[in-house]
Amino acid sequence: MKITGKTKIVGIFGYPVKHTLSPLMHNAAFSALRLDYCYLPFEVRPENLKEAVEGIRALNIRGVNITVPHKEAVMDYLDELSSEARLIGAVNIIENRDGRLIGYNTDARGFIKSLLMDAKTKVKGKRVLILGAGGAGKGVAVACAMENAAAITIANRTADKAERLTEYLKGQFSEIPFSAISLEKDRLPEVIADADILINATSVGLKRGESLPVSSRHLHKNLVVYDLIYNPPDTPFLKMAGKAGVKKAVNGLGMLLYQGALSFEIWMCKRPPIDVMKKALF
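Model, not experiment: these values are computed from the prediction.

1. Thoughts on the overall build of the chain
Here is step 1: When helices and strands are counted, the chain shows ten helices and twelve strands.
Here is step 2: What you see for the chain is a C-alpha radius of gyration of 19 Å, in line with the 19 Å of a compact globule of 282 residues.
Here is step 3: Principal-axis analysis of the C-alpha atoms places the extent of the chain at approximately 60 × 35 × 35 Å.
Here is step 4: Looking at the chain as a whole, 55% of its 282 residues qualify as buried.
Here is step 5: By sequence separation, contacts in the chain at least 24 residues apart represent 70% of the contacts at least 6 residues apart.
Here is step 6: Surface summary for the chain: the accessible area is close to 13300 Å², and the carbon and sulfur share equals 49%.
Here is step 7: Between the averaged position of the 39 positive side-chain charges in the chain and that of its 29 negative side-chain charges there is a distance of 7 Å.

Next up, the structure:
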């Protein structure tokens, strides 16, 4: 990669962000299409988010991806939101369009494509349990509702947050039964036993020593387990699922790929070289 005074910048805002693989796939795509762009990771502490977003304009950055923990908070600092981002209530892409910052959310579409391609699973008619009620959890819940899941349960350490999210979703998708539970309550094993798809949409697994209140004895052979975390690729949650003999256990690398391809298309107004991006990741 040759950096010149004409090279344009895109990147990712997150905290932590050292684990990200996004630069690999995007820089591989830029190289394949001979685009004079460079993708960089920016570690942005929550208290510095506003200034970092303002820096997109000041530095003429073409756009950035947004990852945990900024997907919801960043919305306050943008000029415009796509309908999907507004519905999900979270942003994972910012486009700088001549100084106007526009927020999008491609997590939903990226997740559904990965679930289909990597886990060979469709959401329609399935009972879904989502662990986590943050920005990622919202995106996944909306995605599953749009795909006509049979029922969706959201579990969160703070039960009130899960309840607020389900009340909101009920207003958007009245035909889907939603429920909220606490991650710490005894009811979790019962809900897992009844679920077809179990999704970890929390950040638990990024740091050593963290664990979800889920035991291998709670899992069953007909369950599809999806962990949105992709680095490390074999999280403790997925290892446990594998040992329990679940139907399929998949990490979030495919979701990263497909939402990243959509990011590329928004920024570059070109179809992304998905095979190149996939090779760089896998």
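2. A few points about the environment of Asp160
Here is step 1: Locating Asp160 in the fold gives a position in helix 6 (residues 159-172).
Here is step 2: Measuring from C-alpha to C-alpha, the distance between Asp160 and Ile181 comes to 8.8 Å, with 21 residues separating the pair along the chain.

3. Details of the environment of Asp107
Here is step 1: Here Asp107 is to be found in helix 4 (residues 107-118).
Here is step 2: Residue Asp107 is classed as buried on the basis of its relative accessible area, which comes to 5%.
Here is step 3: Note: C-alpha distance between Asp107 and Ile93 (14 residues apart in sequence) is 9.3 Å.
Here is step 4: With residues near it in sequence (within four places) discarded, Asp107 still touches Lys71, Asn92, Met255 and Gln259.

4. Considering the nonpolar core
Here is step 1: The biggest cluster of nonpolar side chains holds 35 residues, and the ones touching the most others in it are Phe111, Ile152 and Ile199.
Here is step 2: Of all the elements in the fold, those that place two or more residues in this core are helix 4, strand 7 (127-131), helix 5 (135-146), strand 8 (151-156), helix 6, strand 10 (197-200) and strand 11 (224-227).
Here is step 3: Ranked by residue count, the leading element in this core is helix 5, at seven residues.
Here is step 4: If you look at the next biggest cluster of nonpolar residues, it comprises 24 residues, including Ile12, Val17, Ala29 and Met277.

5. Remarks on the pattern of salt bridges
Here is step 1: Counted according to the given criterion, the structure contains eleven salt bridges.
Here is step 2: For Asp107, the salt bridge goes to Lys71, with nearest N and O atoms at 2.6 Å. A residue pair is termed long-range when its members are at least 10 positions apart, and Asp107 in helix 4 and Lys71 in the loop between strand 3 (63-66) and strand 4 (80-81) qualify at 36 residues. We note that Asp107, like Lys71, is buried.

6. Quick look at helix 4
Here is step 1: If you check helix 4, its first and last C-alpha atoms are 15 Å apart, about what twelve residues at 1.5 Å a residue would give, namely 16 Å.
Here is step 2: Within the span of helix 4, buried status applies to Asp107, Ala108, Gly110, Phe111, Ile112, Ser114 and Leu115.
Here is step 3: In this fold, the buried residues of helix 4 make contact with helix 3 (83-88), helix 5, strand 10, strand 11 and helix 9 (253-268).

7. Overview of the packing of aromatic side chains
Here is step 1: Applying the stated criterion across every chain, the model contains five aromatic pairs.
Here is step 2: Considering the side-chain rings of Phe13 and Phe42, the 5.7 Å spacing of their centres and the 85 degrees angle between planes classify their relative orientation as edge-to-face. Here Phe13, found in strand 1 (residues 8-14), pairs with Phe42, found in strand 2 (residues 37-43); they are 29 residues apart in sequence, far enough to count as distant.
Here is step 3: By relative accessible area, which is 3% here, Phe13 ends up buried.
Here is step 4: Judged by centre distance (5.1 Å) and plane angle (75 degrees), the ring pair of Phe111 and Tyr226 falls under edge-to-face. Pair noted here: Phe111 is in helix 4 and Tyr226 is in strand 11, with a separation of 115 residues, a long-range link.
Here is step 5: When its relative accessible area of 0% is taken as the criterion, Tyr226 is described as buried.
Here is step 6: Following the ring pairs from residue to residue traces out a cluster consisting of Phe30, Tyr37 and Phe264.
Here is step 7: Positioned above the aromatic ring of Phe282 is the side chain of Lys278, whose terminal nitrogen or guanidinium carbon lies 5.8 Å from the ring centre.

Parameters at a glance
Along each chain, numbering runs from 1 in the same order as the chain's sequence is written. Two thresholds apply to this predicted model, a pLDDT of at least 70 for residue-level local features and 80 or more for giving and counting side-chain atom pairs, whereas whole-chain, interface and lining totals are computed over all residues. Note: side-chain values were computed over all heavy atoms of the structure, leaving out hydrogens and water. Secondary structure counts use DSSP, requiring at least four H or I residues in a row for a helix and at least two E residues in a row for a strand, with both numbered from the N terminus. This radius of gyration counts C-alpha atoms alone. The globule rule is 2.2 Å times how many residues there are, raised to the power 0.38. Accessible area is worked out with a 1.4 Å probe on protein chains only. A residue is then buried under 20% of its type maximum, exposed over 50%, and partly exposed in between. The criterion used for residue contact is that any of the two residues' heavy atoms lie within 4.5 Å. Exposure was quantified through the Shrake-Rupley algorithm and a 1.4 Å probe, taking into account, for residues, occlusion by the shown protein chains and nothing else. In summary, the charge assignment counts Lys and Arg as positive and Asp and Glu as negative, without counting His or the chain termini. Lys charges are placed at NZ, Arg charges at CZ, Asp charges at CG and Glu charges at CD. Joining through side-chain atoms within 4.5 Å is the link that ties buried Ala, Val, Leu, Ile, Met, Phe, Trp, Tyr and Cys residues into a set, and such a set is a nonpolar core. A side-chain nitrogen of Lys or Arg and a carboxyl oxygen of Asp or Glu constitute a salt bridge if their distance falls within 4 Å. By this rule the span expected of a helix is its residue count minus one, scaled by 1.5 Å. Pairing of aromatic rings covers Phe, Tyr and the six-membered ring of Trp, with a centre-to-centre limit of 6.5 Å; geometry is then stacked below 30 degrees between planes, edge-to-face above 60, and tilted otherwise. Note on criteria: charge over ring means Lys NZ or Arg CZ within 6 Å of the ring centre, with the direction from the centre no more than 35 degrees off the ring normal.

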